[in-house]
Amino acid sequence: MANLGRLNIRSPKQIAALVILVMMAMVLSFVELPILPQAPFLKYDPSGVIAALAALLYGPWVGSAVAVLAWIPRLVTDPLGAFMNILASVALVIAMGSIYRKRPSLGGAVVGAVAGIACATVVSIILNFVVMPIYQGAAFEDIVSLIIPALLPFNVAKSCVNGGVALVAYRRLEVLLAEEEPAGERGEEPDFAAGLPLRDSDAAPISADLAGRDRDDASCESASPPKRFGRTGRP
């Protein structure tokens, strides 16, 4: 049985997969899509999907590392934007990954996604009160006026897309990346002579062979000549 839900990050296969995820997140961090016409400065990037996916596959701390590494190249060109996106993504993946690790089921994943969306939205709105006065010179009242029409719907939509796409892609990737467990961990008795676990397909011919030998022995005994007794009644 595949080792689902417990991917060993020290495995070469998992290390290679994690490196690919980090590279994908770095590339996607440069993709910026404006969503709301009334706030064109709010742009969506898909790198959060990769961080959320890594949190589901490997745990919240690995997902956080992917979120941070994805925005390292952008710290030079857009330090304030990178800072906000890192904190928002980390809030999403820690909540989502932590709940799923405690409840590894579809319900746990959904609850984790909802909690992550709420955490990321709150963190993003709070950060706007810190960054927008520096970045755009916006007054406190201007930021408050943008919460309902722009900041809240944008951050909710962004987090929903990141968490939802990660949930859809997670199960398929988990099956693809899962590795076979050793025989001892599956509870099978190993065949030490052959160095392989004894399978049901191997046991069936052995049982049939033993049954055939029993029938041959019984037929040989019935075919042997009867013993004759002498006058004394003894053989």
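Up top is the structure.
Treat the numbers as computed from the prediction; the structure is a model and nothing was measured.

What counts, and where the lines are drawn
- Residues numbered from 1 in each chain as written.
- Predicted model: local features only at pLDDT ≥ 70, side-chain atom pairs only at ≥ 80, totals over all residues.
- Heavy atoms only, no water.
- Phe/Tyr/Trp six-rings, centres within 6.5 Å; stacked < 30°, edge-to-face > 60°.
- Helix = DSSP H or I, 4+ residues; strand = E, 2+ residues; numbered from the N terminus.
- Lys NZ or Arg CZ within 6 Å of the ring centre and 35° of its normal.
- Salt bridge = Lys/Arg side-chain N within 4 Å of Asp/Glu carboxyl O.
- Buried < 20%, exposed > 50% of the residue type's maximum accessible area, 1.4 Å probe, protein only.

A.B. asks: Got a minute to help me understand the packing of aromatic side chains in this structure?
C.D. replies: Two numbers describe a pair of aromatic rings. These are the distance of the centres and the angle of the planes. As enumerated under the stated definition, the model contains two aromatic pairs in all. Where Tyr100 meets Tyr170, the ring centres are 5.4 Å apart and the plane angle is 80°; that geometry is what we call edge-to-face. Highlighted residues: Tyr100 in helix 5 (residues 79-102) and Tyr170 in helix 7 (residues 140-177), separated in sequence by 70 residues. One Lys or Arg, Arg74, reaches over the ring of Phe30 and ends 5.2 Å from the middle of that ring.

A.B. asks: Would you explain the pattern of salt bridges in this entry?
C.D. replies: Oppositely charged side chains are able to pair whenever their charged atoms sit close together. In total, this model carries two salt bridges according to the counting rule given. Measuring nitrogen to oxygen at the nearest pair gives 2.7 Å for the salt bridge that ties Glu32 to Arg74. Placement of Glu32 in the loop between helix 1 (12-28) and strand 1 (33-34) and of Arg74 in helix 4 (residues 74-77) is noted, with a sequence separation of 42 residues between them. Close ionic contact of Asp78 with Arg74 constitutes a salt bridge, the shortest N to O distance being 3.9 Å. Overall, the relative accessible area of 16% leaves Asp78 in the buried class.

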